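Report on the structure
So the chains spell out like this:
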Amino acid sequence: MKRLLIALASTFIAFYGNSQSGISIIPQPNTLTPGTGTFVSNASTTIYFDPAFETEAQLLKQWFPKSKLVQSSKSDDATNAIVLKLIYTIRADNGYSLLINPKQIKITASSSEGVFYALQSLRQLLPSTIENKPGGSYKIPAVSIQDAPQYNWRGLHLDVSRHFFAMDYLYKLVDRMSLYKFNKLHLHLTDDQGWRIEIKKYPSLTSQGAWRSLNNQDSGCMKLAKDNPDFTIDPRFIKNKEGKTSYGGFYTQAEMKAFVAYAAKKHIDIIPEIDMPGHMMAAIHAYPYLSCSGGSTWGELFSTPICPGKESTYQFAQDVFSEIMDMFPSEYIHLGADEVDRKAWANSPDCQELMKREGIKTLPELQSYFVRRMEQFFISKGRKLIGWDEILEGGVTPTANVMYWRSWVPDAPIHAAKLGNKVIMSPGNPLYFDNAPDPQSLYNIYHFDVVPKALTAEEGKAIIGAQANLWSEYVPSEARADYLYFPRMISLSERLWSTNRDYTSFQKRLATQFGRLDNMGVKYRLPDVIVPAESLVFVDSALLQIKAPAPGLTLRFTTDGSIPTKTSKLLPTKYVVKKEQMLKLAAFNSNGRKGDVYTLTYQKQTLATPIEAAAKKGLKVDYYKKFYKTVTVLPKEQPDSSFTVPGITVPSYVTAPSFGLVYQGTITVPESGIYTFYFTCDDGGILTIANRLVVDNDGLHAPKEKSGQIALAKGAHPFNLAFIEGGGGYTLKLKYSFNGGEAKEVPESWFGRN
Ligand code: ACM
């Protein structure tokens, strides 16, 4: 489903412990061999550096403030020394070698990038106090590391248009990205809701276009802020302008240039996106002549775009991008070109005339004409164009770079790569970080296919990497952005850097990162609490035993429906339930920061009485070929067709882009007791067994697991599962566990129908 819908956060899983050697680096280096002994730094530690690596030597000195800096390449035998050495034999451009023994720390690389990445590995071998209180003597474990990145595009994106972020946050983000060896920060600088970068030739873009009245996304945030202060709109960007409350802000060119230069020292390219021809309402309001008939309003989904039929549009776009290129030296410049409501072009005499003149037959081709002309301009300035994957629709030049986002068009990156276009992967699932994280997020990111399986090894070279995007409609604060980036971006860092990935090892190493993030002031999402289910049942009594998900965290709870606070009661290790109740619980760290809130409801049930066993295997499925926002309307309508399936799968002949399915029959359980069902769906679903509601996971949302329990006597019970897909790709999974055991697939042999 679309990114504009926020999915709710739920439970999650985490594992803790140190890796065996005590060496814990993310992303995992390609080869790492622990040595013997330690290097001990002290006030007489000397940093020797090759002249090419002066910037890196200065960075290193921040962590060793008492050390002496000496420019020298004759340092091979020096003791109590950290040596940064230029060696052309390191093959990969961004590769490095880091050797630590009791005498020396030696970093060799053929580029300053390589040295910088070596420093980030070294940083993670130093105590986490270097992040806020550097200095003192450190014991650093001996190790030998040879390393280089797997992918060249290791990116994050931030939408600063829908909600604005202070320059200071961008600096922090670059610092945090560099710790995990990211190298691209894509800034979505303009959109319908605000133009955020000074353009000297068109001052109204910011004097007017950077400001807006509060909108319905702001009011959505305000509502959510009642339960979660991270949704509070950053008050620095709310101003009284000419007697009206306005939200906004922008970066000056001077601020942006200084920031880009800072990021360059950390080997992070800032990729600017000026999104056009759609998403231009803020600009069109400031300069109404940019659209075909003047002004911009909302269409069915998107706003009126700028007009590709007028020469004045190209003049404007080239003027804007000229100033952008002056601020941003990056090789790549992003034109956006997503989500265009092209209807206005059909009625425009200017567009019609252009189409006739150029032999353009369709509106997507007209968009391609615009993109092509812009690309020619970019190329004339020595830059490369990136567009969202919609640029494939009306035909694409071989040189355009495609940023893939539409998870529901899985062929787009395959098609682009086969054409030979370079592709950056940022599929909505799992890389739209504005979707709320859940217990599966880290795993899904760690295992996502950067190179689609349908590509050959040769074709796969077209995929230059990936990035995670953070769209800020519902991200009104730095705290919320931190929560959505961390720790998911850490999982992505390893996915994109390391060739020898191991998820179990990653989970252990991740646990050692949180102290460092605390010292860096990152308001990351605390690890998931493992709860048995949200909707629980008991026959006589139940025992709730939940552990804090990490050392140093405590669990607190309420039973009056209120959100737990850092002074709420501690959850006992064994909590006995004898009456129906609702618990709200959350983990808290030592600073009093709260993790996700879990609501556990306990309902008293008797074992449901079995019915007669069904005669046939499988389930009946009713198929509805329509768009639904909720499953609750399905049983009242006539299905388009019905068929049978062996279990909970979506058959290949279900091809409607939006649909509803209702699975009906019986489920036969082998033993009496409490069954937990884990129901993951995108979009909504409701599971009913023995005419009791077990899981309500309804509504339009990203893949989300919800769980519920039911007390069942051995035998057959009525079964009903309703599911809707709104569009954009679906997920449907059902697992169960018995009396608190391990979660397993529901066997097909359990299903029956008459
Ligand atoms: C996008 O999310 N519209 C690129």
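Residues numbered from 1 in each chain as written. Predicted model: local features only at pLDDT ≥ 70, side-chain atom pairs only at ≥ 80, totals over all residues. Heavy atoms only, no water.

**Brief notes about the overall build of the protein chain**
A tally of helices and strands in the protein chain yields 19 helices and 39 strands. Radius of gyration (C-alpha) of the protein chain: 28 Å, near the 27 Å computed for a compact globule of 754 residues. Along the first, second and third principal axes, the C-alpha set of the protein chain runs to 85 × 75 × 60 Å. In the protein chain, which carries 83 positive and 73 negative side-chain charges, the distance between the mean positions of the two groups comes to 5 Å. (Helix = DSSP H or I, 4+ residues; strand = E, 2+ residues; numbered from the N terminus. Rg over C-alpha atoms; globule rule 2.2 N^0.38 Å. Lys, Arg positive; Asp, Glu negative; His and termini not counted. Charge placed at Lys NZ, Arg CZ, Asp CG, Glu CD.)

**Comments concerning the state of the cysteines**
All chains considered together, the criterion is met by 1 disulfide. Shown here is the disulfide that connects Cys292 with Cys307, its sulfur atoms set 2.4 Å apart. Taking the torsion about the sulfur-sulfur bond, which here is approximately 90°, the covalent link between Cys292 and Cys307 counts as right-handed. Residue Cys292 is found in the loop between α7 (281-286) and α8 (311-327), and its partner Cys307 is found in the loop between α7 and α8; the two are separated by 15 residues along the sequence. The buried category is assigned to Cys292, whose relative accessible area is 15%. (Disulfide = S-S within 2.5 Å. Buried < 20%, exposed > 50% of the residue type's maximum accessible area, 1.4 Å probe, protein only.)

**Topic: the pairing of strand β6 (residues 104-109)**
Within β6, 6 of the 6 residues are buried, leaving the element largely enclosed by the surrounding structure. Sheet topology note: the strand β4 (residues 81-86)/β6 ladder contains 6 bridges and is parallel. Looking at the pairing, Lys85 lines up with Thr108 of β6. As paired elements, strand β5 (residues 96-100) and β6 share 4 bridges and run antiparallel to each other. Bridging from a neighbouring strand, Leu98 pairs with Ile107 of β6. The turn joining β5 and β6, which pair antiparallel and follow one another in sequence, is formed by 3 residues. (Pairing = 2+ DSSP bridges.)

**Here we look at unusual backbone geometry**
In this structure, Pro27 follows Ile26 across a cis peptide bond, with omega equal to -5°. With respect to the helices and strands, Pro27 occurs in the segment before β1 (31-40). The omega torsion of the bond from Met276 to Pro277 falls at 15°, within 30 degrees of zero and hence cis. When you line up the elements, Pro277 lands in the loop between β15 (269-273) and α7.

**Brief notes about a nonpolar patch on the surface**
Residues Leu214, Met222 and Ile238 make up a contiguous nonpolar surface patch of roughly 220 Å² in combined accessible area. Checked against the element boundaries, Leu214 lands in the loop between β12 (211-212) and α5 (216-225). Given a relative accessible area of 33%, Leu214 falls into the partly exposed group. (Patch = residues over 30% accessible without salt bridge, like charges linked within 9 Å, V, L, I, M, F, W, Y side chains within 5 Å. Areas by Shrake-Rupley, 256 points an atom, 1.4 Å probe, with all protein chains shown as cover. Salt bridge = Lys/Arg side-chain N within 4 Å of Asp/Glu carboxyl O.)

**Things to note about α8**
The end-to-end C-alpha distance of α8, which contains 17 residues, comes to 25 Å, matching closely the 24 Å that a straight helix rising 1.5 Å per residue would cover. Taken residue by residue, α8 has Thr313, Tyr314, Phe316, Ala317, Asp319, Val320, Phe321, Glu323, Ile324, Met325 and Met327 as its buried positions. (Expected span 1.5 Å × (residues − 1).)

**Observations regarding the environment of Ile724**
Mapping Ile724 onto the fold places it in strand β36 (residues 715-725). Considered as a pair, Ile724 and Lys625 are 99 residues apart in the sequence and their alpha carbons are 10.0 Å apart.

**Details of the side chain of His701**
Among the secondary structure elements, His701 is positioned in the loop between β34 (692-697) and β35 (704-712). At 2.9 Å, the side chain of His701 forms a polar contact with the backbone oxygen of Asn697. (Polar contact = N/O pair within 3.5 Å; in protein donor to acceptor, adjacent residues only side chain to side chain.)

**Focus: the sheet that holds β12**
Pairing between the strands of a sheet is mediated by backbone hydrogen bonds and can be parallel or antiparallel. Within the open sheet, the 3 strands sit side by side as β12-β14-β13. Their pairing is antiparallel. Two strands lie at the open edges of the sheet, namely β12 and β13 (238-241), each paired on one side alone. Pairing geometry for β12 and strand β14 (residues 244-248), over 2 bridges, is antiparallel. The residue bridging Arg212 from the neighbouring strand is Tyr247, located in β14.

**What to know about the sheet that holds strand β7 (residues 139-147)**
Strands sit in the order β1-β7-β5-β6-β4-β2-β3 across an open sheet of 7 strands; the sheet is mixed. This sheet does not close on itself; its edge strands, each paired only once, are β1 and β3 (68-71). In this sheet, adjacent strand axes meet at a mean angle of 20° when their direction is disregarded. Across 7 bridges, the pairing between β1 and β7 is antiparallel. Directly across from Val40, in β7, lies its bridge partner Lys139. (Axes fitted to C-alpha atoms, helices over the stretch in contact; angles between N-to-C directions.)

**Notes on the environment of Asp540**
Within the element layout of this structure, Asp540 appears in the loop between β21 (535-538) and β22 (542-544). When the C-alpha atoms of Asp540 and Lys578 are compared, they prove to be 6.8 Å apart, with 38 residues separating the residues in sequence. When near neighbours in sequence (up to four residues on either side) are disregarded, Asp540 contacts Lys578 and Lys604. (Contact = heavy atoms within 4.5 Å.)

**With respect to the nonpolar core**
In terms of nonpolar packing, the biggest core is built from 139 residues, with Met256, Phe321 and Tyr485 touching the most fellow members. Excluding its chain neighbours within four sequence positions, the residues that come into contact with Phe321 are Ile274, Met276, Ile333, His334, Leu335, Met374, Phe377 and Phe378. Judged by nonpolar contacts, the second largest core, of 36 residues, contains Phe679, Leu732, Leu734 and Tyr736. (Core = buried A, V, L, I, M, F, W, Y, C linked by side-chain atoms within 4.5 Å.)

**A look at the confidence of the model for the protein chain**
Interpretation of this model should avoid reading the predicted coordinates in detail wherever pLDDT is low. When pLDDT is averaged along the protein chain, the result is 94, and 97% of the positions lie at 70 or above. Put simply, β13 is where the protein chain has its lowest mean pLDDT, 90, and strand β9 (residues 184-188) is where it has its highest, 99. (pLDDT = per-residue confidence, 0-100.)

**Side note on the environment of Gln253**
Of note, Gln253 is situated in helix α6 (residues 253-265). Owing to a relative accessible area of 6%, Gln253 belongs among the buried residues under this scheme. Sequence spacing of Gln253 and Glu300 is 47 residues, and the spatial spacing of their C-alpha atoms is 35 Å. Leaving out residues up to four positions away in the same chain, Gln253 has contacts with Glu198, Ile199, Lys200, Glu323 and Met327.

**A short note on the packing of aromatic side chains**
Using the criterion set out here, one finds 41 aromatic pairs in the structure. Where Phe116 meets Tyr117, the ring centres are 6.0 Å apart and the plane angle is 70°; that geometry is what we call edge-to-face. Each member of the pair, Phe116 as well as Tyr117, carries the same accessibility label: buried. Note on Tyr736 and Trp750: the rings are 4.6 Å apart at their centroids and 55° apart in plane angle, and the pair reads as tilted. Pair noted here: Tyr736 is in strand β37 (residues 731-738) and Trp750 is in the loop between β38 (744-745) and β39 (751-753), with a separation of 14 residues, a long-range link. Assigned by exposure class, Tyr736 and Trp750 land together as buried. Sitting over the ring of Trp497, Lys181 keeps its end group 5.4 Å from the ring centre. Above the ring of Tyr524, the side-chain terminus of Arg593 is found at 4.9 Å from the ring centroid. (Phe/Tyr/Trp six-rings, centres within 6.5 Å; stacked < 30°, edge-to-face > 60°. Lys NZ or Arg CZ within 6 Å of the ring centre and 35° of its normal.)

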